[in-house]
Amino acid sequence: MEALFPDAETTGTVTVRVSVSYLPEQSEPARGRWFWAYHIRIENEGAGAVQLLTRHWIITDGRGARHTVEGEGVVGEQPLIAPGASYDYVSGCPLATPTGSMQGSYRMIAQDGRTFDVAIPKFALTAPAGVQ
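Cut-offs used in this document
All chains use their own residue numbering, which begins from 1 and follows the written sequence. Given that this is a predicted model, residues contribute local features only at a pLDDT of at least 70 and side-chain atom pairs are listed and counted only at 80 or more, while totals for whole chains, interfaces and linings are drawn from all residues. Neither water nor hydrogens contribute to the side-chain values; these are computed over all heavy atoms in the structure. A pair of strands counts as paired when DSSP detects no fewer than two bridges linking them. Helix and strand labels come from DSSP, where a helix needs a run of H or I of at least four residues and a strand needs a run of E of at least two; each type is numbered from the N terminus. Here is the rule: rings of Phe, Tyr and Trp (six-membered ring for Trp) pair when centre to centre is within 6.5 Å. Planes less than 30 degrees apart are stacked, more than 60 are edge-to-face, and the remainder are tilted. Each residue gets one of three labels from its accessible area relative to the maximum for its type: buried under 20%, exposed over 50%, partly exposed in between, using a 1.4 Å probe on protein chains only. To define axes, lines are fitted to C-alpha atoms, for helices over the stretch in contact only, and angles between the resulting N-to-C directions are given on a 0 to 180 degree scale. Salt bridge, as used here, is a side-chain nitrogen of Lys or Arg placed within 4 Å of a carboxyl oxygen of Asp or Glu.

> Which parts of the structure should I look at to understand the pairing of strand β1 (residues 7-11)?
The side chains of a regular strand alternate between the sheet's two faces. With 5 bridges joining them, β1 and strand β2 (residues 14-22) adopt antiparallel strand pairing. Bridging across to β2, E9 finds its partner in V16.

Right, here's the structure in full:
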């Protein structure tokens, strides 16, 4: 699993795993635009279902400029993740620099109505050498 998702963080019984890919076909370095896709897997190892309600991202570019993104769900969904199950989605991030990072959290709700935050591990956005 580590080879597919090198960045991972566990909060309680929920693990968030991340894999990131630079997308040269969506990037235009000559115009100051670099683009990455990131694949997230959220695993529920708890005894009850959990539902993802909101997301909170902190995106930092190579100059240290920070941008916060908040909103309901992910990719238009608020997935309910059964015990022992996982939920995967893919999204993207453009930057005005060839390097940066992302990190954040998801607000979840448990079957008993308790809400809690799950950490998204910090991961690097790095364009390959030669395209910077």
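> In this structure, what is going on with the packing of aromatic side chains? I would like to understand it.
In this description, an aromatic ring pair is defined by two values, namely the gap between the centres and the angle between the planes. Under the definition given, this model contains 6 aromatic pairs. Aromatic side chains W57 and Y106 sit 6.5 Å apart centroid to centroid with 85° between the ring planes, which places their arrangement in the edge-to-face category. In this pair, W57 sits in strand β4 (residues 50-61) while Y106 sits in strand β8 (residues 99-110), placing the two residues 49 residues apart along the sequence. The buried category is assigned to W57, whose relative accessible area is 3%. A residue is classified by how much of its surface remains accessible, and Y106, at 0% relative accessible area, is buried. Every member of this aromatic cluster is reached through a ring pair, and the members are Y38, W57, Y106 and F123.

> Quick question: what am I supposed to make of the sheet that holds β2 here?
Strands in a sheet are paired, the pairing made by backbone hydrogen bonds, and the direction either parallel or antiparallel. Ordered by their spatial adjacency, 4 strands build an open sheet running β1-β2-β3-β7, and the pairing between neighbours is antiparallel. This sheet does not close on itself; its edge strands, each paired only once, are β1 and β7 (86-95). Sheet twist, expressed as the average angle between the axes of neighbouring strands with direction ignored, equals 20°. In this sheet, β7 lies alongside strand β3 (residues 34-44) in antiparallel orientation, the contact comprising 10 bridges. Bridging from a neighbouring strand, F35 pairs with P94 of β7.

> I keep staring at the pattern of salt bridges and nothing clicks. Help me out?
If the charged atoms of two oppositely charged side chains come close together, the side chains can form a pair. Evaluated as defined, the whole model comprises 5 salt bridges. Notably, a salt bridge pairs R41 with D88, separated by 3.0 Å at the nearest N-O pair. On the criterion of sequence distance, the pair formed by R41 in strand β3 and D88 in strand β7 is long-range, its members being 47 residues apart. Here R114 ties to D112 by a salt bridge, and the two come within 4.0 Å at their closest N and O atoms.

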